[in-house]
Amino acid sequence: MGAFKLGGMTLKSVFKKPETIQYPAETKTLPEGMKGHIVCDIEDCNLCSLCAKRCPAKTIQIDKAAQTWSINRFQCVQCGACVRECPKGCLTMEPTYTAPSTSISVTTYAKEDAAS
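The rules behind the values
- Residues numbered from 1 in each chain as written.
- Predicted model: local features only at pLDDT ≥ 70, side-chain atom pairs only at ≥ 80, totals over all residues.
- Heavy atoms only, no water.
- Helix = DSSP H or I, 4+ residues; strand = E, 2+ residues; numbered from the N terminus.
- Buried < 20%, exposed > 50% of the residue type's maximum accessible area, 1.4 Å probe, protein only.
- Phe/Tyr/Trp six-rings, centres within 6.5 Å; stacked < 30°, edge-to-face > 60°.
- Polar contact = N/O pair within 3.5 Å; in protein donor to acceptor, adjacent residues only side chain to side chain.
- Contact = heavy atoms within 4.5 Å.

Draft legend 1. Quick peek at unusual backbone geometry. The backbone of L47 sits at a positive phi, close to 55 degrees, despite the residue not being glycine. By the element assignment, L47 lies in the loop between β1 (37–40) and α2 (50–54). Look at L47 and you get buried, because its relative accessible area is 5%. In this structure, K58 is a non-glycine residue whose phi angle is positive, near 55 degrees. For K58, the position within the fold is in the loop between α2 and β2 (60–63).

Printed below as a string of structure tokens:
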């Protein structure tokens, strides 16, 4: 009886789409509603710090004097509270995976006119 079941499963798998992908050549489609990582459009940001106040993990740091916006991606819980709270709409949650890293780093965005 077991041989018939195995033969049936084998025959079905010949005619259906494969379950795996060829990873380097093909990329898997991201699931609907995936939360990825936060991206800041610093030129539109007015550095109001509402996003930092709403962040439950306290990962966002804003320095108004230096005109910088920083996020520690290893502490971020990807809840999206900062994106919802931003009055200017300069924060977005990109549906991509954060690149792996061997050390904890902080991503900092600086305004162009601050350097001048």
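What follows continues from the structure just given.
Draft legend 2. Summary view of the environment of A66. Residue placement: A66 occurs in the loop between β2 and β3 (68–72). Using a relative accessible area of 35% as the deciding quantity, one classes A66 as partly exposed. For the pair A66 and K111, spaced 45 residues apart in the sequence, the C-alpha separation amounts to 8.6 Å.

Draft legend 3. Looking closely at the packing of aromatic side chains. If you walk through the whole model with that rule in mind, you get one aromatic pair. Aromatic side chains W69 and Y109 sit 5.7 Å apart centroid to centroid with 50 degrees between the ring planes, which places their arrangement in the tilted category. Of this pair, W69 sits in strand β3 while Y109 sits in strand β5 (residues 106–110), and the two are 40 residues apart along the sequence. The two residues W69 and Y109 agree in class, both being buried.

Draft legend 4. Highlighting the side chain of H37. Topologically, H37 is positioned in strand β1. Polar side-chain contacts of H37 include one of 3.3 Å to the side chain of T96. Once you skip the residues sitting within four places of it in the chain, H37 turns out to touch R73, T92, M93, E94, T96, Y97 and T98.

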